[in-house]
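Each chain, letter by letter, is given below.
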Amino acid sequence: MATVGRLFGGGLLVGTTVTSVLIGYLMNTRKDETVVNRMVSVSPATDPQKLRRSEQILKYGVPDRGPELRYYANHVLCYDQAKKTPVWVAEHITKDHIKGTANRKHSHFKQDPDVPVQFSASNGDYWHSGWSRGHMAPAADSKYNQLAMDETFYLSNILPQDIDNNSGFWNRFEIYCRDLTKQFTDVYIISGPLIVPEIDANDKKFVKYQVIGDNNVAVPTHLFKIVAAENNPRNQNEAVALAAFIVPNKPITSANKLKQFQVPLTDVEQLSGTTFLNKLDKSKTRNLCGVDACELISGEKLELYFTARKLEYAKSEKVLDNIWNEFRAKGITPDEYVIQVYQRKKKEFEQKDHKVSAVLK
């Protein structure tokens, strides 16, 4: 397992509606800020004099950074209105959440209707910025429901991500999390951005990050993901499997292993200023990468995954055949699923052409 020092100093700087049970299980974030922003959190019985004085000080209202939690069909998030990105995004997935008819071709990146426009990123911020729109709750985690998938395209769930990282290593990481549902009934995931301090030539630390677009959307230096997996009902002798990871927001080759980026959960908490899984007894958990190998799918399998998706989105038979021929030219043997997608789409286009020909006659 890597540590903060090793990661950043040793060459690797490189459902259904989510319930309150899930929220309480997953995190306890920004406690002190909640007290400041929600005066009802202060117990008047303990110090009524301070409460009366605070009401005078805050005569014209309490400074408000927005709701502490934002709720969606299949994820919950905490949003940073200054950086225009999420602070963290929490999910709970089972094998039922990741299968279904929902299709991302029907979804569109858009501003979250519940985030005031002045505090929101826009699609224009990302255009020509050199950064992709990276999901924290992946669309594929919500294939069971089109609305749930659509909501993952709200820009409140998006941050500027290196395009190669997004489509490569991070994508393989997301697939790995979904594959965990094959051996665990419940998988809890929390993902988000980090701004990691840099050390200059004079050995001084600086916090430095790029912003993009007219709305100054913050580009994180790193991304984190926390994974807790369990079988429910849980055998008393089977502890929750837990792991935390910090990944640089830059291209990562397929030669890098996921375990290289595993860190103690406390490292993520320290860098993010947030405590996670506060209702889980960490001393009784198992190392996920000890229970499971934490092996990501190969580059070849990822190519099969992307090819199937490209075939699915083909808008004409000519485009379909071009995608298929380009894939076969790479010398990769198609698996059964890719073949099925190609044959089904081919048949759909042929039937469509046949109907058009019949009408013209």
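First, a word on scope: everything that follows refers to the structure included in this document. Keep in mind that this is a model prediction, so the values were computed, not measured.

Quick notes on the pairing of strand β13 (residues 241-248)
- Buried residues dominate β13, accounting for 8 of its 8 residues.
- A two-sided burial pattern is seen for β13, the buried positions comprising Ala 241, Ala 243, Phe 245 and Val 247 on one face and Leu 242, Ala 244, Ile 246 and Pro 248 on the other.
- With 8 bridges connecting them, strand β12 (residues 222-230) and β13 associate as antiparallel partners. Following the sheet pairing, Leu 223 is matched in β13 by Val 247.
- Pairing of β13 with strand β16 (residues 286-287), which is carried by 2 bridges, proceeds in the parallel orientation.

Section: unusual backbone geometry
- At Asn 216, a residue that is not glycine, the phi angle is positive and equals roughly 55°.
- As for its placement among the helices and strands, Asn 216 is situated in the loop between β10 (211-212) and β11 (217-218).
- Of note in this structure, Cys 294 is not a glycine but carries a positive phi near 55°.
- Its location among the elements puts Cys 294 in the loop between α10 (288-291) and α11 (299-313).

Here's the deal with the packing of helix α8 (residues 169-179) against α11
- Packing of α8 against α11 leaves a shortest axis separation of 11 Å and a crossing angle of 90°. Considered as vectors, α8 and α11 are oriented roughly perpendicular to each other. Of α11, the residues touching α8 (which contributes Asn 171, Arg 172, Ile 175 and Arg 178) are Leu 302, Tyr 305 and Phe 306.
- When grouped by side-chain class, the residues that make up the contact of α8 with α11 number 4 nonpolar, 1 polar and 2 charged.

Some thoughts on the pairing of strand β4 (residues 85-93)
- In terms of residue burial, β4 counts as a mostly covered element, since 9 of its 9 residues are buried.
- Pairing of strand β3 (residues 76-80) with β4, which is carried by 5 bridges, proceeds in the antiparallel orientation. Of the residues in β4, the one forming a bridge with Leu 77 is Val 89.
- Sheet topology note: the β4/strand β7 (residues 186-194) ladder contains 5 bridges and is antiparallel. Following the sheet pairing, Val 89 is matched in β7 by Ser 191.

Rules of the game
- Residues numbered from 1 in each chain as written.
- Predicted model: local features only at pLDDT ≥ 70, side-chain atom pairs only at ≥ 80, totals over all residues.
- Heavy atoms only, no water.
- Buried < 20%, exposed > 50% of the residue type's maximum accessible area, 1.4 Å probe, protein only.
- Helix = DSSP H or I, 4+ residues; strand = E, 2+ residues; numbered from the N terminus.
- Pairing = 2+ DSSP bridges.
- Axes fitted to C-alpha atoms, helices over the stretch in contact; angles between N-to-C directions.
- Parallel < 35°, antiparallel > 145°, perpendicular 65-115°, else oblique.
- Contact = heavy atoms within 4.5 Å.
- Nonpolar A, V, L, I, M, F, W, Y, C, P; charged D, E, K, R; others polar.

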